[in-house]
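So you can see what is in the structure, the chains are spelled out below.
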Amino acid sequence: MSTAPEVSDAQIVGAPRRADWRLLLSSPLHFLSLGAGSGLAPMAPGTVGTLWAWVAFHLLEGRLDDGQWAALLLAGFVVGWWACTRTAQAMRTADPGAVVWDEWLAIWLVLWVVTPAGWWTQLVAFALFRLFDAAKPGPVGWADRLFKARPGEAPGWRQGFGILFDDLVAAFCTLIVMALWRAGT
C-alpha cells in the first residue's frame, strides 16, 4: 500500500516538460494530441501539424462520406478534448505548442466544408487558417483568452477545451472569408 498522497488534476505542479518521442509514445492520448508526432517539429509545430493534417485529409477524403466526416469530427472533438487536456497536464503547461490536434481538427473541418476544391483554393484555406490561428485577430484572440489558466493554476479540462476552441473559431473565421471570397468570384 502506497503512503504517497493522491494528487488531483488541479494540484499538478512542477517545471514545464518538453514534448519528446517518449511522451508521444507513452499514451494513445499523447500520440493523438501531438498529431502523430507532427507536433514535435522543432520550429512552427502548428504549421507542421496543419500540413500533416492536410495530407491526412487527402488520405481519408475519398474513403469517408459526409456523415462519416461529421462523426469523425465530433468524435475527434470529444476524444481530442480529453487528449489535449491530459497532454497539457503531462507537460505542465496550459496550451503547449506541441499539442497540434486542435490544428488537425480545425483544418479538417475547413477542408471538409470547402471541398470539392482545387489545390489553390485549399492552399488559400490553409494560409487563412494559419493566419487566423497564429495572429489571433478579433474573435480568435477572444476565444484564446477565454479559457487561459489563471496564474498558478494547473492545466485542467477548461484549458483542454480552450486548446480546441480557439482553433475552431479560427476555422469558422476562415470559412467566413472563404465564403465571401467565393461569393465575390
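Below is a short write-up of the structure. Because the structure is predicted, anything quoted here is derived from the model rather than measured.

Looking now at the side chain of Gln-122. Tracing the sequence through the fold places Gln-122 in helix α6 (residues 119-135). Judged by its relative accessible area of 3%, Gln-122 is buried. Excluding residues that lie within four positions of it along the chain, Gln-122 makes contacts with Trp-54, His-58, Leu-111, Thr-115 and Ala-117.

With that out of the way, let us pick up the packing of helix α4 (residues 66-91) against helix α5 (residues 101-114). Their axes nearest at 10 Å, the elements α4 and α5 cross at an angle of 165°. Considered as vectors, α4 and α5 are oriented roughly antiparallel to each other. Between α4 and α5 the crossing geometry is left-handed. Residues Asp-66, Trp-69, Ala-70, Leu-72, Leu-73, Gly-76, Phe-77, Gly-80 and Cys-84 of α4 form the contact with α5, whose participating residues are Trp-101, Leu-105, Trp-108, Leu-109 and Trp-112. Taken together, the residues of the contact of α4 with α5 break down into 11 nonpolar, two polar and one charged.

As for its position among the elements, Asp-133 is in helix α6. Among the residues examined, Asp-133 registers a relative accessible area of 5% and is labelled buried. Among the polar contacts listed, one links the side chain of Asp-133 to the side chain of Arg-130, at a separation of 2.6 Å. Excluding residues that lie within four positions of it along the chain, Asp-133 makes contacts with Glu-103, Asp-166, Asp-167 and Ala-170.

The next subject is the nonpolar core. Within the largest apolar cluster, 46 residues are counted, with the highest numbers of intra-cluster contacts made by Ala-19, Leu-34, Trp-101, Trp-104, Ile-107 and Trp-108. Apart from residues no more than four positions distant in its own chain, Trp-101 is found in contact with Leu-32, Ser-33, Gly-76, Gly-80, Cys-84, Trp-108 and Leu-164.

This paragraph deals with the packing of helix α3 (residues 45-61) against α6. Closest axis-to-axis distance for the α3/α6 pair is 11 Å, and the angle between their directions is 145°. Seen along the crossing, α3 lies across α6 with a hand that is right-handed. For the pair α3 and α6, contact is made by Gly-46, Thr-47, Thr-50, Leu-51, Trp-54 and His-58 and by Trp-119, Gln-122, Leu-123, Phe-126, Phe-129 and Arg-130, respectively. When grouped by side-chain class, the residues that make up the contact of α3 with α6 number six nonpolar, five polar and one charged.

Parameters and conventions
- Residues numbered from 1 in each chain as written.
- Predicted model: local features only at pLDDT ≥ 70, side-chain atom pairs only at ≥ 80, totals over all residues.
- Heavy atoms only, no water.
- Helix = DSSP H or I, 4+ residues; strand = E, 2+ residues; numbered from the N terminus.
- Buried < 20%, exposed > 50% of the residue type's maximum accessible area, 1.4 Å probe, protein only.
- Contact = heavy atoms within 4.5 Å.
- Axes fitted to C-alpha atoms, helices over the stretch in contact; angles between N-to-C directions.
- Parallel < 35°, antiparallel > 145°, perpendicular 65-115°, else oblique.
- Left-handed = near helix turned anticlockwise from the far one by under 90°.
- Nonpolar A, V, L, I, M, F, W, Y, C, P; charged D, E, K, R; others polar.
- Polar contact = N/O pair within 3.5 Å; in protein donor to acceptor, adjacent residues only side chain to side chain.
- Core = buried A, V, L, I, M, F, W, Y, C linked by side-chain atoms within 4.5 Å.

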